[in-house]
Amino acid sequence: NVLLTTYTIFERESNKSDRSFLNSLPFHFLVLDEAHSIKNINSSRYVHINNLVSKNRLLLSGTPVQNNIMELLSLLSFFLFELFISIVSFGDFKEY
């Protein structure tokens, strides 16, 4: 089975019941196209999408990371939240 939705459902407060329904489903794969859309770890979109339960996650994007370590860490933390969230939260890195 496949569920196809837009990023908008994860942004607006009016879609709260839809997000609750999606959060109740255990997905085998979560595939996000236009992955650069979740490059801001502080956005409601990122937070709501990250709450989805899935065994596997895949990010697709034709947009390159723009020499911004925070964008890269945000995308990596989507895969391994526990590993990268402390780095993102506390800024334990050096930008070059």
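Residues numbered from 1 in each chain as written. Predicted model: local features only at pLDDT ≥ 70, side-chain atom pairs only at ≥ 80, totals over all residues. Heavy atoms only, no water.

**Looking at the layout of surface pockets**
When its volume is computed, the largest pocket comes out at roughly 570 Å³. The dominant element in the lining of the largest pocket, judged by the number of residues it contributes, is strand E1 (residues 26-32), at seven residues. Grouping the constituent residues of the lining of the largest pocket by class yields 14 nonpolar, four polar and one charged. (1 Å grid on protein atoms, 1.4 Å probe; cavity = no way out; pocket = protein on both sides within 12 Å on 5 of 7 lines; lining within 4 Å. Points joined across faces, edges and corners; volume = space filled by probe spheres on them. Helix = DSSP H or I, 4+ residues; strand = E, 2+ residues; numbered from the N terminus. Nonpolar A, V, L, I, M, F, W, Y, C, P; charged D, E, K, R; others polar.)

**A look at the pairing of strand E2 (residues 53-59)**
When E1 meets E2, the two strands line up parallel, connected through six bridges. Considered in E2, the bridge of Leu-30 is made with Arg-57. Once the chain exits E1 it traverses helix H2 (residues 44-50) before rejoining the sheet at E2, and the crossover so formed is right-handed. (Pairing = 2+ DSSP bridges. Right-handed = clockwise from strand over helix to strand, strands pointing away.)

**A short note on a nonpolar patch on the surface**
A cluster of nonpolar residues, Val-65, Leu-72, Leu-76, Phe-79, Leu-80 and Leu-83, forms a patch on the protein surface that exposes about 490 Å² of accessible area. If you tally residues by element for the nonpolar patch, the top one is helix H3 (residues 69-79), at three residues. When you line up the elements, Leu-80 lands in the loop between H3 and helix H4 (81-90). For Leu-80, a relative accessible area of 46% gives the class partly exposed. (Patch = residues over 30% accessible without salt bridge, like charges linked within 9 Å, V, L, I, M, F, W, Y side chains within 5 Å. Areas by Shrake-Rupley, 256 points an atom, 1.4 Å probe, with all protein chains shown as cover. Salt bridge = Lys/Arg side-chain N within 4 Å of Asp/Glu carboxyl O. Buried < 20%, exposed > 50% of the residue type's maximum accessible area, 1.4 Å probe, protein only.)

**Description of the nonpolar core**
By size, the foremost hydrophobic cluster in this structure holds 16 residues, and its most contacted members are Leu-32, Ile-38, Ile-49, Leu-59 and Phe-78. Every element with two or more residues in this core is listed here: E1, H2 and H3. With three residues, E1 is the largest single contributor of residues to this core. Contact partners of Ile-49, with chain neighbours within four places excluded, come to Tyr-7, Phe-10, Leu-30, Leu-32, Ile-38, Arg-57 and Phe-78. (Core = buried A, V, L, I, M, F, W, Y, C linked by side-chain atoms within 4.5 Å. Contact = heavy atoms within 4.5 Å.)

**Some thoughts on the side chain of Asn-50**
Topologically, Asn-50 is positioned in helix H2. Overall, the relative accessible area of 15% leaves Asn-50 in the buried class. Within the structure, Asn-50 has its side chain in polar contact with the side chain of Arg-57 (distance 2.7 Å). (Polar contact = N/O pair within 3.5 Å; in protein donor to acceptor, adjacent residues only side chain to side chain.)

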